[in-house]
Amino acid sequence: MTDYLVAISVGPVQSLIEAGRRSQDLWCGSWLLSQVASAIAAELDGKPHCSRIFPSPHLNVSEQAEGGEPEANIANVVRAVVSANNEEALKQQIARAKQAATSKLGAIFSDVLDRENLREVGIEPEYWAQQQKDILEMFAAWVAFKPDEYQSASQRLGELLHARKRTRDFLPMQDNRSGLHKSTLDGANNALTHALTNKTVAKKLNLSPDEVEKKKRILGLTDEESLDALGIVKRLAGKHEQFTPFSRVVVDPWLQSLSDDYLQRLNDLYKPFYEAKRVTAVKGNQGYYQKFPYDGEYLFASRLEASSFDDENAYQALRDFLTKDVLDQYGEPVPYGVLLKADGDRMGELFAQADNTTQSINISNALHRFASVVRAIIREFGGHAIYTGGDDILAFLPLHRAIPCAQKLASHFTAAMDAVIQQNFNNPQTVAPTLSVGLAIGHFVQPMRQLRQRAIAAEKHAKGNDEQAPRNALAVHLGIRSGHEVTWRCRWDDSTTLDAFSAFVEAFSQDLMPTRIMQDIRNMAHQLKWLENENGPDVSDIRRSELERMLVRAALAHNHTMKERESGEMQGRIHTLKEHLRTQASRYSLDELANQLILARWISAKTAKDIGGED
């Protein structure tokens, strides 16, 4: 028999994960990808003469098929060593693995179609099946090798798989009807929800307005949306109550601040909305959100007021509680949260340095051990991991705890990779992978596709391939709903800047630094723009003297009493804060410092008022 190194890739990631408007779309897209990849891994595992490399052999792929929340997800590439009599026998085994993935997806689609009786609302099984068949793209590559050729075979396999992905078949879509609305998630396929958004179609199907509204609520469908088969599955597949809405993560810090009495009253007032299916239950993340197990959209008065609810008494009671009882004591919750996207740096280089299957499996096992603790780490900071596959992480986090969480993830990842290198590689030149993390800050009503695009941009910024010191970094991108984008990047080994940023966040949260300082530095940057292309000691002196003038006017700790300001402790803190500002101004441009302060201000916010209101 001949040994073959095999890789099977599942996609497309664009339609399965990235295309979406709601939190549910993002959650379920990630879940679907993991489900079909697990089917491939399980099919290979069930055959003799097969040794799985990635995902880790320690990962029980059968757990993925149970529909619950897995310890770690399966990435979209499965790699294994397969022994076969010849290449034709190998191809047959790969074809069976691909068929297992197709069958798994088909079972999920059939379950959704039957469970919710979607045929009643005009969704025709013929077109449903056609669209289902168009979803998956699977590519495979393999290389025959001998034990002493493993490293070169591994490198060759990566090249072949990359080339294979670039040679698509480009087959026409099976559902090629013309003159129909397209899915609003990605505009690719024909929409199948006409009866729920078109009164004429609904009338032909004898659907009452109540039946239409009920189905629309089940699908989370607005009048402006149209969904194809994949979009419908994203709204209904799996145990969707395990998928925490972004709004619930966003409001968690505010809910944690409420007294037990207020929290109980809020639960009681929210119950009629849940019973009427206007809000969803939250049951995932190991019960972390059970003190208030609902989505958080109607905790924002503006969203509640924009809704329509038949029970006027329940509506008025919740509105009065939020705008009268709670507002004075606790304010409005901050409407912004974070989508974290992280990826390991130089992992491909590390795998390429493996001399044998054992070393590759040990690297894979180390990635699995890391991925298995990611959910607990993110939960520790009030967030919920959406996807944890090897070195890839996607998660929702509350605004004020996102950076500490990112720091802990990066630290754990580096430690895990250092350990596997020390145990398996004698070469001191072996690549040591690190973790680059992108944080996308966005309003909870922003379409999830836009927030994910911001997270992708933030992760790319963290990778910093065009930077003087690339990778091993954090990047934060803030999208202000009624304004502009603010970005900032810092390497994990730049403790000076990380310490300064933490000090700025603390200073804003404790009223030691006025918010006008951000605009003062931005104005200074504009006034000194003519110095951008100038160098020399005179230029540095000008910048430094302008900064000192601004610090004199800044009135740090101005909201504290005179006695507090003159205390030795306060004077020491003010001195340290000014030193941080001087250091950052000497290392970065004034525009970059202004961005750093703006982000620190937002992250320090406790209520919507701290960032200028709900918008």
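Residues numbered from 1 in each chain as written. Predicted model: local features only at pLDDT ≥ 70, side-chain atom pairs only at ≥ 80, totals over all residues. Heavy atoms only, no water.

A look at the overall build of the chain
Worth spelling out the cut-off: Helix and strand assignments follow DSSP, with helices taken as H or I runs no shorter than four residues and strands as E runs no shorter than two, numbered in order from the N terminus. A radius of gyration in this sense is built from C-alpha atoms; the matching globule rule multiplies 2.2 Å by the number of residues raised to 0.38. A simple rule labels every residue: compare its accessible area, found with a 1.4 Å probe on the protein chains alone, to the largest value its type can have, and call it buried under 20%, exposed over 50%, or partly exposed in between. Contacts are residue-level and defined by heavy atoms, with any inter-residue pair within 4.5 Å sufficient.
Each helix and strand in the chain was counted, giving 23 helices and 10 strands. Relative to the globule expectation of 25 Å for 615 residues, the C-alpha radius of gyration of the chain, 27 Å, shows essentially globular dimensions. Structurally, the chain occupies a C-alpha span of about 85 × 70 × 45 Å along its principal axes. Within the chain, the fraction of its 615 residues that count as buried is 53%. Across the chain, contacts joining residues at least 24 apart in sequence account for 73% of those joining residues at least 6 apart.

Comments concerning the pattern of salt bridges
One side chain can pair with another of opposite charge once the charged atoms of both are near each other. As a reminder, the rule being used: Put simply, a salt bridge is a Lys or Arg side-chain nitrogen that is within 4 Å of an Asp or Glu carboxyl oxygen.
Within this structure, the stated rule accounts for 29 salt bridges. For the salt bridge of K216 with E213, the shortest nitrogen-to-oxygen distance reads 3.6 Å. One end of the pair, K216, and the other, E213, are both in helix α8 (residues 209-219), three residues apart, so they sit about a helical turn from each other. Its relative accessible area of 36% is what places E213 among the partly exposed residues. The salt bridge involving E485 is made with R454; its shortest N-O contact spans 2.9 Å.

Quick word on the sheet that holds strand β3 (residues 77-84)
Formally: Two strands are counted as paired when DSSP detects at least two bridges linking them. Axis lines are fitted to C-alpha atoms, over the contacting stretch for helices. Their N-to-C directions set the angle, which ranges from 0 to 180 degrees.
Here four strands make up an open sheet; going across it, the order is β2-β3-β1-β4 and the pairing antiparallel. Strands with a single pairing partner mark the edges of an open sheet, and in this sheet they are β2 (50-54) and β4 (137-144). For this sheet the average axis-to-axis angle between neighbouring strands, irrespective of direction, equals 20°. In this structure, strand β1 (residues 2-11) lies alongside β4, joined through eight bridges in antiparallel fashion. Bridge pairing in β4 places I8 opposite A140. On top of the sheet, helix α5 (residues 150-165) reaches β1, β2, β3 and β4; it is set at about 150° to β4, its chief contact. Its contacts with the sheet place helix α15 (residues 357-380) against β2 and β3, and it is angled at close to 50° to β2.

A closer look at unusual backbone geometry
Geometrically, the link from G11 to P12 is a cis peptide bond, its omega value of 0° lying close to zero. With respect to the helices and strands, the residue P12 is situated in the loop between β1 and α1 (13-18). Omega for the peptide link from F54 to P55 comes to 0°, which places this bond in the cis form. Examined against the element boundaries, P55 turns out to sit in the loop between β2 and β3. At H49, a residue that is not glycine, the phi angle is positive and equals roughly 60°. Mapped onto the secondary structure, H49 falls in the loop between α2 (23-45) and β2. A residue is classified by how much of its surface remains accessible, and H49, at 48% relative accessible area, is partly exposed. Phi angles above zero are rare outside glycine, and A555 is one such case at about 55°.

Description of helix α3 (residues 87-115)
Going by this rule: By this rule, a helix spans an expected 1.5 Å times one less than how many residues it contains. The term polar contact refers here to a pair of N or O atoms within 3.5 Å; inside protein, the definition further demands a hydrogen-donor-capable atom paired with an acceptor-capable atom, and it admits residues adjacent in sequence only when both atoms are side-chain atoms.
Taking 1.5 Å of rise per residue, the 29 residues of α3 would be expected to cover 42 Å, and the 42 Å separating its terminal C-alpha atoms lies within 8% of that figure. Within α3, burial applies to L90, Q93, I94, A97, A100, A101, L105, G106, I108, F109, V112 and L113. The inward-facing, buried residues of α3 abut β1, α2, β3, α4 (125-133), β4 and α9 (229-236). With a side-chain oxygen lying 3.2 Å from the backbone nitrogen of E88, the N-terminal cap of α3 falls on N86.

Quick look at the sheet that holds strand β10 (residues 485-491)
Strands sit in the order β6-β7-β5-β8-β9-β10 across an open sheet of six strands; the sheet is mixed. Edge positions in the open sheet fall to β6 (384-389) and β10, since each of these has one partner strand only. The mean angle between the axes of side-by-side strands here comes to 15°, regardless of whether they run parallel or antiparallel. Across 10 bridges, the pairing between strand β5 (residues 336-345) and strand β8 (residues 434-443) is antiparallel. Directly across from L340, in β8, lies its bridge partner L439. Of the strands in this sheet, β5, β6 and β7 (392-398) touch α2, which is tilted by about 30° from β6. Sheet contacts for α15: β6, β7 and β8; angle to β6, the most-contacted strand, approximately 170°.

What about the pairing of β7?
The element β7 is extensively covered by neighbouring structure, given that six of its seven residues are classed as buried. When β6 meets β7, the two strands line up antiparallel, connected through five bridges. When the sheet's bridge partners are listed, H384 is paired in β7 with F396. Hairpin connection between β6 and β7: a loop of two residues separates the two successive antiparallel strands, and G390 in this loop has a positive phi of roughly 65°.

Here's the deal with the packing of aromatic side chains
Applied cut-off: Classification of ring pairs uses Phe, Tyr and Trp, with its six-membered ring standing for Trp, and accepts pairs whose centres are within 6.5 Å; under 30 degrees between planes counts as stacked, over 60 as edge-to-face, and the remaining range as tilted. Definition used: whenever NZ (Lys) or CZ (Arg) falls within 6 Å of the ring centre and also within 35 degrees of the ring normal, the charge is taken to sit over that ring.
Counted according to the given criterion, the structure contains 20 aromatic pairs. An angle of 70° between the planes, with centres 5.8 Å apart, marks the rings of F145 and Y150 as edge-to-face. Of the residues examined, Y150 reaches a relative accessible area of 1% and is grouped as buried. A network of ring pairs unites the aromatic residues Y270, F273, Y274, F292, Y294, Y298 and F309 as a single cluster. Over the ring of Y127 we find R177, and its NZ or CZ is 3.4 Å from the ring centre. The ring of Y262 has R265 lying over it, and the distance from NZ or CZ to the ring centre is 5.6 Å.

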